[in-house]
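# Structure assessment
Okay, here's what each chain looks like letter by letter:
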Amino acid sequence: MALCGGVGAMALPSELIVHIFSFLSDRDKLRASAVCSRWRECLFYPALWTELKLRIGGGCNGSGSEETPRLEFLMRKFGSFVRELRLELSPVEGNHSPVNHDSPSGRTDRAGPDGDPQLSERWKNAMTTYLDQVLCVLTSIRNNRNLQKLSLYGDTCVLQEEGLLDSSYLDQIHQGDKKIKEIQQLYMELLSNSRQLRWLSCSFMLGLVTPCSLACLSNPSAGTLQHLSLLDHQLAPLISPSELDRLSNLHSLALDFSDLTSELCRLLASPQRTPLHRLSLLLNGAALEFKPLEGTATEDDWKALIRVSANLRVYIMALEVDSSELLRVLKPSMPLERLHLDSYSTLVTDAALELISQQYNKTLTHFLLLRDDADFPDLSVNRNEDPLVLLAWRCTQLAVLVIHGYTVWSHNLVAISRLRGSSLRILAVSEESIDFDPDQSLYVEGDPVHNLVKEVSLGLGRVWHPCLDSNLVLSEPTQHFHRELHAFSMGM
């Protein structure tokens, strides 16, 4: 059939063309809009763009500024009526300086505005790009009363100094301080104008959320909101008890562990509230000096919360946290389902793993043990049983196990695969972490790596291989936490 003429595609009613285009991906819709003015008019019909998922930035030469015009076009077209917006902003790709394994808050060293003039200029450009992109987004959606789901994530660890936003650095950006204040004002306007928000997530958006932001949330949205995620590197809590009290229908919540005070936990345990189903907590060891654990939820607080929210499940990421601090926060009554222990130099002890495997043997399904350092300590030293094998044996619901940065003996890896079998859906162990017992090699013929792959595959009931690239196991912690809590909260 001809594409033009009285009997071709151009003769179809607009409603039918819109329906056909509804089966296209967002990328293909934009491409098709360049065919002709008729298609362009139909492709920008609001019903085709109720949901928008974007990742902006990370361009060449470490700058995402070339993405800004595209973002402005999309938000100008769809910002006023989009119902679900999921946006990840990455104003810079990679790092501004060589990798620093002592960095407590990201896989790469965060670039400050001082030092090398070239690096300083890149930092300023990246910061300017970030501010312009956030202004563009918030300006377009601030009056959108149909917005139901808003998820914002800023991949901004390389822009931060010591994990905190220092206003003195903004003075080096053209109108930096003014733009930050405008961004914060636009965000509060957005919350004030909203009428049916069900999902509000703002993770590591540099300078966006303040302790006063949530107070601007409209009463209609306070009644409809089911998920709230407010995460940043700020010292002050981003949610107060009075604001949480308004959000009586929350099903899932994500916040800094230090912000989960006894008062907040008792409020969540109120029988007048909708029972909480998912709770995601980020524990950053680098921030404990400024945000101590004193005053956080106690064992009695957790018991009270479980009595009201019987189906509650908890996800914790502990980043660069000492085992002694970890033992303080892991309360016996906490219904821990997912635990991610990530560090650069801090060691997780065998005692910590012993406590985890004993306390959460009925609830733990995901366990990630990662350490980005040149040494690979052996947790089974001076023990009859490997603590990781005991964890696999005791935690009968374990479905995901990821290990890097600790020595895992080949025979223990085989034991783990046999204990959990096909129920262990993901067993990801970096090749660097695997070691072979020379005494056992004397009694086994053939290549030890080949034998290991064969035995683990038999134990799991599927083909298995160790991870040859450690980057497939390691990821930027805040990005991983943001994406994992999204899946975790959606799984309720």
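Throughout what follows, the structure given in this document is the object of discussion. (Residues numbered from 1 in each chain as written. Predicted model: local features only at pLDDT ≥ 70, side-chain atom pairs only at ≥ 80, totals over all residues. Heavy atoms only, no water.)

## Re the environment of Leu24
- For Leu24, the location among the structural elements is in the loop between helix 1 (14-21) and helix 2 (26-32).
- Taking the C-alpha atoms as reference points, Leu24 and Leu48, separated by 24 residues in sequence, lie 9.4 Å from one another.
- In contact with Leu24, not counting residues within four places along its chain, are Lys29 and Ala32. (Helix = DSSP H or I, 4+ residues; strand = E, 2+ residues; numbered from the N terminus. Contact = heavy atoms within 4.5 Å.)

## Here's the deal with the nonpolar core
- Counting 121 residues, the largest nonpolar core has Tyr187, Leu228, Leu279, Trp302, Ile356 and Phe367 as its most contacted members.
- A per-element tally of this core places helix 5 (residues 117-141) first, with 10 residues.
- What Tyr187 contacts, discounting residues up to four positions off in sequence, is Leu138, Leu200, Cys202, Leu208, Val209, Ser213 and Leu230.
- If you look at the next biggest cluster of nonpolar residues, it comprises 10 residues, including Leu231, Ala254, Tyr315 and Met317. (Core = buried A, V, L, I, M, F, W, Y, C linked by side-chain atoms within 4.5 Å. Buried < 20%, exposed > 50% of the residue type's maximum accessible area, 1.4 Å probe, protein only.)

## Comments concerning the side chain of His482
- Its place among the elements puts His482 in helix 18 (residues 477-490).
- Exposure remark for His482: the relative accessible area of 1% places this residue in the buried category.
- A polar contact is formed between the side chain of His482 and the side chain of Ser203, at a distance of 3.3 Å.
- The contact partners of His482, leaving out residues within four places of it in the chain, are Glu88, Ser151, Leu152, Tyr153, Ser201 and Ser203. (Polar contact = N/O pair within 3.5 Å; in protein donor to acceptor, adjacent residues only side chain to side chain.)

## Quick word on the packing of aromatic side chains
- By the definition in use, this model includes 6 aromatic pairs.
- Here the aromatic rings of Trp49 and Phe78 are separated by 4.2 Å at their centres, their planes lie at 15 degrees, and the arrangement is stacked. Placement of Trp49 in the loop between helix 3 (37-43) and strand 1 (51-57) and of Phe78 in helix 4 (residues 68-78) is noted, with a sequence separation of 29 residues between them. Residues Trp49 and Phe78 agree in their burial class; the two are buried.
- Considering the side-chain rings of Tyr153 and Phe204, the 6.3 Å spacing of their centres and the 85 degrees angle between planes classify their relative orientation as edge-to-face. One end of the pair, Tyr153, is in strand 3 (residues 149-154); the other, Phe204, is in the loop between strand 4 (199-203) and helix 8 (219-224), and 51 residues separate them in sequence. For the residue pair Tyr153 and Phe204, the accessibility class agrees, reading buried in each case.
- In this structure, Lys29 is placed above the aromatic ring of Trp49, and the distance from its NZ or CZ to the ring centre is 5.0 Å.
- Here the guanidinium or amino end of Lys149 rests over the ring plane of Trp199, the centre of that ring lying 4.6 Å away. (Phe/Tyr/Trp six-rings, centres within 6.5 Å; stacked < 30°, edge-to-face > 60°. Lys NZ or Arg CZ within 6 Å of the ring centre and 35° of its normal.)

## Concerning the pairing of strand 5 (residues 227-231)
- In terms of residue burial, strand 5 counts as a mostly covered element, since 5 of its 5 residues are buried.
- Side chains His227, Ser229 and Leu231 of strand 5 all project onto a buried face; the interleaved residues Leu228 and Leu230 project onto the opposite face, where all are buried too.
- Bridge analysis of strand 4 against strand 5 gives 5 bridges, and the strand direction is parallel. Bridge pairing links Ser203 to Leu231 in strand 5.
- Running through helix 8, the crossover from strand 4 to the neighbouring parallel element strand 5 is right-handed.
- Summarising the sheet, strand 5 and strand 6 (residues 252-256) pair through 3 bridges and their orientation is parallel. What sits directly across from His227, in strand 6, is Ser252. (Pairing = 2+ DSSP bridges. Right-handed = clockwise from strand over helix to strand, strands pointing away.)

## Comments concerning helix 7 (residues 176-193)
- Here helix 7 is 18 residues long and its end C-alpha atoms lie 26 Å apart, about the 26 Å a rise of 1.5 Å per residue gives.
- Regarding helix 7, the residues found buried are Gly176, Lys179, Ile180, Ile183, Gln184, Leu186, Tyr187, Met188, Leu190, Leu191 and Asn193. (Expected span 1.5 Å × (residues − 1).)

## A short note on the packing of helix 15 (residues 410-420) against helix 17 (residues 448-460)
- Two numbers describe how helix 15 lies on helix 17: the axes approach to 7 Å, and their chain directions differ by 15 degrees. By the angle class used here, helix 15 and helix 17 are roughly parallel. Between helix 15 and helix 17 lies a crossing of left-handed hand. Facing Ser410, Leu413, Val414, Ser417 and Arg418 of helix 15, the residues of helix 17 in contact are Leu452, Glu455, Val456, Gly459 and Leu460.
- Considering only residue class, the contact of helix 15 with helix 17 consists of 5 nonpolar, 3 polar and 2 charged. (Axes fitted to C-alpha atoms, helices over the stretch in contact; angles between N-to-C directions. Parallel < 35°, antiparallel > 145°, perpendicular 65-115°, else oblique. Left-handed = near helix turned anticlockwise from the far one by under 90°. Nonpolar A, V, L, I, M, F, W, Y, C, P; charged D, E, K, R; others polar.)

## Considering the packing of helix 14 (residues 387-394) against helix 15
- Between helix 14 and helix 15, the shortest axis-to-axis distance is 9 Å and the interhelical angle comes to 5 degrees. In this view, helix 14 runs roughly parallel relative to helix 15, as classed from their interaxial angle. Residue-level inspection shows Leu388, Val389, Ala392 and Trp393 of helix 14 in contact with helix 15, the latter providing Asn412, Ala415, Ile416, Leu419 and Arg420.
- Partitioned by chemical class, the residues of the contact of helix 14 with helix 15 number 7 nonpolar, 1 polar and 1 charged.

## Thoughts on the environment of Thr224
- Take Thr224: it is sitting in helix 8.
- In sequence terms Thr224 and Trp199 are 25 residues apart; their C-alpha atoms lie 8.9 Å from each other.
- Not counting residues within four places of it along the chain, the set of residues in contact with Thr224 comprises Arg195, Gln196, Leu197 and Arg198.
- Within the structure, the side chain of Thr224 is placed 2.7 Å from the backbone oxygen of Leu197, a separation counted as a polar contact.

## Notes on the pattern of salt bridges
- A complete count under the given rule lists 20 salt bridges for this structure.
- Glu337 is the salt-bridge partner of Arg313, the closest N and O atoms lying 3.9 Å from each other. Placement of Arg313 in strand 8 (residues 313-319) and of Glu337 in strand 9 (residues 336-343) is noted, with a sequence separation of 24 residues between them.
- Judged by its relative accessible area of 25%, Arg313 is partly exposed.
- Between Arg371 and Asp373 there is a salt bridge, with its nearest N and O atoms 3.6 Å apart.
- For Arg371, a relative accessible area of 6% gives the class buried.
- Counted as one network, the salt bridges with shared partners bring together Arg313, Glu337, Arg338 and Glu484. (Salt bridge = Lys/Arg side-chain N within 4 Å of Asp/Glu carboxyl O.)

## Some details on the pairing of strand 9
- When you tally the buried positions in strand 9, you get 8 out of 8 residues, the bulk of the element.
- Across 6 bridges, the pairing between strand 8 and strand 9 is parallel. What sits directly across from Ile316, in strand 9, is Leu339.
- You can see the chain leave strand 8, run along helix 12 (residues 323-329) and come back into strand 9, and the turn it takes is right-handed.
- Alignment of strand 9 against strand 10 (residues 366-371), held across 6 bridges, turns out to be parallel. Paired with Ser343 across the strands is Arg371, a residue of strand 10.
- Of the crossover connections in this fold, the one passing from strand 9 over helix 13 (residues 350-359) to the parallel strand 10 is right-handed.

The analysis is restricted to geometry; functional conclusions fall outside its scope.
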